[in-house]
Amino acid sequence: MRENLDKQFSFTSLKWFNFFLYGTVVLFSSFFPLYLQEVGMNKLEIGSLMSVGALVSIIANPFWGIWTDRYQNIRRIVLLMLTGTLVLSQVVFQANTYEMIYVSILFFYFFQGPLFAESNTMILSYIDGTRHRFSSFRLWGSLGWAFTAILAGPVIEWAGVSVLSYLFAALLCAAMISLIALPRLDHSIGIAPLPFKGFRQIFYHPFFLSFIFFGILVSIPNTMNNTFVSLYITELGGSKTMIGLAVFLSSILEVAVLILCDRYLKRSIPVLLGWLALVSALFVLRWWLMADATTPLQVAFIQILHCVTFGGFFYVGTRLTMLLVPKPYRSSGQALYTLTWSGISGIMGGVLGGWLYQYLGAQNMYQSGVFLSLIGTLGFAAMRLLANRGGYHPQDGHLEEDWNEIELNR
C-alpha cells in the first residue's frame, strides 16, 4: 500500500514538474523579446540574440546526453541544468551591457536548451514498465505553457516587464521542488548522443534530403513568428494580456492534435507527404493572415492555427523520417531532422526575421513567410506525386510505432 502511494506521489510530482518547466520556457520565449526591446535592442539584435539558442543547442544536446549516459542519474543531471538555468537567467536580467547579455545568454542556453529532451527522457524512465503513457505528462506541459502565458500577461502588464525575472525564478524553483520530491531512479533508459557517423549514409538518399530542404523552408517562418509575434502584437497596440491570450490559443489544443494524428493518420509515405503538403499550405494561410492583420485580437485568434500547423508538421515529419531513412540510419535521420527544425531553421529564422522586421516591417516579414512556405508546399506536393507513382520505395518496411520515442526526439 505504501509503495503504491509513493508511486502515485511520484507521478503527480512528475506532472507538476512538467507544468512548471513548460511555464518557465513560455515566459522566456514569449515575453523576453519585450524585455530586450525595453532595454534598447532593435529587431535585428533581438532576432540574432534569440537565435543563439539554436546554435548552442547543436553542442549542448549531445553534451548533456553523453553525461546522462555516463552518470546514470538523470534526475540529478536535470536538477543541475535547472540550477544553471536559474543562476544564469538572473545574470541575463541583471546584465547592464549588450556584451554581457550576449555572453550570459550563451551559457544560459547551454543549460536551458536541452531541458525538454532531458526531462522527457527522465519522465520516460520513471514510467517505464508502468501503465502510464507519456502523452498524459505531455498534456500537463501544454497546460503549463498555456495557463502560465495567459496568467503572466496581466501580471507583466501591471508590474512592468522587469517582473519577468522574478516570475521566471519562481517557476524554476517550483520545478526544482517538484523534481526534488521525486524518488531516485534505480534505472534509466538513457539518451544517446547524436550519431554523426550515420550522416554520411543519409546524404546518399536525395529523396530524404529533399524532404529536409523543404522542411527548412517551412520552419523558418515559424521561427520568425515565435520570436517576433509578441513584438508584432505590441506594435499593433496590443497589451501584455493580449500576448498571453495569443500564446494560450496557440497551444491549448496542441496535444489533442498530436493524439488524433497518432490514432487516425495512416502510416504510408504518399499519405504522409500529402498531409505534410496540406499542413504546409495551412502555414501559407497562417502567414498570409498575419501579414494582413490590423488588430492585436486578429493576431491572437490566428495563433489557433499553430495547434494544427506545428502539431501536424512535427508529427508527420517525425513519422516520415522513420519511413524515408533505412532502418540502420534512422537514429541519424531523426537527429538530422531535429537539427534542421530547431537548429538551422532557428538560426536562419531569428537572423533573417530580425533583418526583415527591422528594415522592411512585420508585414513584409510575414509575406516572406508566405513565399517560403509556398515553395515548401509545392515541393512536398511534388514529392507526394513522385512517391504515389512508384518513384520512391523505402528500403526497410519495418515501422517503429512507439509514440514515446517520437516525443523523446522532440
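All of these numbers come straight from a predicted model, not from anything done at the bench.

**Q** So, the overall build of the protein: which residues are in play, and what are the values?
**A** Helix and strand counts for the protein come out as 17 helices and zero strands. Scored against the burial criterion, the 410 residues of the protein give a buried share of 56%. Taking all contacts inside the protein whose residues are at least 6 apart in sequence as the whole, residues at least 24 apart take part in 86%.

**Q** How would you explain a nonpolar patch on the surface if you had to name every residue and give the values?
**A** Residues Phe-147, Leu-151, Ile-252 and Leu-253 make up a contiguous nonpolar surface patch of roughly 350 Å² in combined accessible area. You can see Phe-147 is positioned in helix α6 (residues 134-159). Taking the relative accessible area as the measure of exposure, Phe-147 reaches 34% and is therefore partly exposed.

**Q** Give me α6: which residues, what numbers.
**A** Its 26 residues give α6 an end-to-end C-alpha distance of 37 Å, which sits within 8% of 38 Å, the value for a rise of 1.5 Å per residue. If you look at α6, its biggest bend is around 25°, right at Ala-152, and the proline Pro-154 turns up within four residues after that. Taken from the residues just after α6, Gly-160 is the one with a positive phi, measuring 100°.

**Q** Can you tell me about the nonpolar core, naming the residues and giving the values?
**A** Among the nonpolar cores identified, the biggest contains 120 residues, and Phe-32, Phe-211 and Phe-380 are the most heavily contacted of them. A total of 15 residues in this core trace back to one element, the largest contributor, which is helix α9 (residues 206-235). Setting aside residues no more than four positions away along its own chain, Phe-211 makes contact with Leu-276, Gly-317, Leu-320, Thr-321, Leu-324, Tyr-337, Phe-380 and Met-383.

**Q** Now, about the side chain of Ser-178: what can you tell me, with residues and values included?
**A** Within the fold, Ser-178 resides in helix α7 (residues 164-180). Excluding residues within four positions of it along the chain, Ser-178 makes contact with Ser-13, Trp-16, Phe-17 and Phe-20.

**Q** Would you mind going over the packing of aromatic side chains in detail, with residue names and values included?
**A** As enumerated under the stated definition, the model contains 33 aromatic pairs in all. Measuring from centroid to centroid gives 5.7 Å for Phe-32 and Phe-93, while their planes differ by 90°, and the two rings are edge-to-face. In this pair, Phe-32 is assigned in helix α1 (residues 2-38) and Phe-93 in helix α3 (residues 74-94), connecting sequence segments 61 residues apart. Put simply, the rings of Phe-208, Phe-211, Phe-213, Phe-214, Tyr-232, Phe-283, Trp-287, Phe-313, Tyr-366 and Phe-380 pair up and form one aromatic cluster. For Lys-15, the ring lying beneath its charged end belongs to Phe-137, and the centroid distance is 5.8 Å. Just above the ring of Tyr-357 sits the side chain of Lys-43; from NZ or CZ to the centre is 5.0 Å.

**Q** An account of the packing of α6 against α7 is requested, with residue identities and associated values reported.
**A** Packing of α6 against α7 leaves a shortest axis separation of 11 Å and a crossing angle of 145°. The hand of the α6/α7 crossing is right-handed. Contacts from Thr-148, Ala-152, Val-155 and Ile-156 in α6 reach Leu-164, Leu-167 and Leu-171 in α7. Taken together, the residues that form the contact of α6 with α7 break down as six nonpolar, one polar and no charged.

**Q** Tell me what's going on with α7, and back it up with residues and numbers.
**A** In this model, α7 (17 residues) spans 24 Å end to end at C-alpha, consistent with the 24 Å of a helix rising 1.5 Å per residue. Buried residues of α7: Leu-164, Ser-165, Phe-168, Ala-169, Leu-171, Leu-172, Ala-174, Ala-175, Met-176, Ser-178 and Leu-179, and no others.

**Q** Which residues make up the environment of Tyr-98, and what values do they have?
**A** Along the chain, Tyr-98 falls in helix α4 (residues 98-112). When its relative accessible area of 32% is taken as the criterion, Tyr-98 is described as partly exposed. For Tyr-98, the residues in contact, after removing those within four places along its chain, are Val-39, Gly-40, Met-41 and Glu-45.

**Q** Tell me what's going on with the side chain of Ser-280, and back it up with residues and numbers.
**A** Tracing the backbone through its elements, the reader meets Ser-280 in helix α12 (residues 269-292). Under the relative-accessibility criterion, Ser-280 is labelled buried at 0%.

**Q** Any details on the confidence of the model for the protein? Residues and values, ideally.
**A** Residue-level pLDDT values for the protein average 83, and 84% of them are 70 or greater. Here helix α17 (residues 403-408) is the element of the protein with the lowest mean pLDDT, 40, and helix α13 (residues 296-302) is the one with the highest, 95. Predicted confidence is poor over residues 190-195, with pLDDT under 50, and the contacts of this stretch with residues over four places away or in other chains come to 17 contacts. Confidence over residues 395-410 falls short of pLDDT 50; this stretch has 43 contacts with residues more than four positions distant or in other chains.

**Q** Help me get a handle on the environment of Leu-151, residues and values and all.
**A** Here Leu-151 shows up in helix α6. For Leu-151, a relative accessible area of 58% translates into the label exposed. Sequence-wise, Leu-151 and Phe-248 are 97 residues apart; in three dimensions their C-alpha atoms are separated by 9.4 Å.

**Q** Account for the packing of α12 against helix α14 (residues 305-324), with residues named and values stated.
**A** At a closest axis distance of 9 Å, the pairing of α12 and α14 adopts a crossing angle of 150°. Between α12 and α14, the angle falls in the class roughly antiparallel. By crossing handedness, the relation of α12 to α14 is classed as left-handed. Here the residues of the contact of α12 with α14 are counted per class, giving 17 nonpolar, five polar and two charged.

Rules used throughout
Residues numbered from 1 in each chain as written. Predicted model: local features only at pLDDT ≥ 70, side-chain atom pairs only at ≥ 80, totals over all residues. Heavy atoms only, no water. Helix = DSSP H or I, 4+ residues; strand = E, 2+ residues; numbered from the N terminus. Buried < 20%, exposed > 50% of the residue type's maximum accessible area, 1.4 Å probe, protein only. Contact = heavy atoms within 4.5 Å. Patch = residues over 30% accessible without salt bridge, like charges linked within 9 Å, V, L, I, M, F, W, Y side chains within 5 Å. Areas by Shrake-Rupley, 256 points an atom, 1.4 Å probe, with all protein chains shown as cover. Salt bridge = Lys/Arg side-chain N within 4 Å of Asp/Glu carboxyl O. Expected span 1.5 Å × (residues − 1). Bend = angle between axes of the 7 residues up to and from the residue. Core = buried A, V, L, I, M, F, W, Y, C linked by side-chain atoms within 4.5 Å. Phe/Tyr/Trp six-rings, centres within 6.5 Å; stacked < 30°, edge-to-face > 60°. Lys NZ or Arg CZ within 6 Å of the ring centre and 35° of its normal. Axes fitted to C-alpha atoms, helices over the stretch in contact; angles between N-to-C directions. Left-handed = near helix turned anticlockwise from the far one by under 90°. Nonpolar A, V, L, I, M, F, W, Y, C, P; charged D, E, K, R; others polar. pLDDT = per-residue confidence, 0-100. Parallel < 35°, antiparallel > 145°, perpendicular 65-115°, else oblique.

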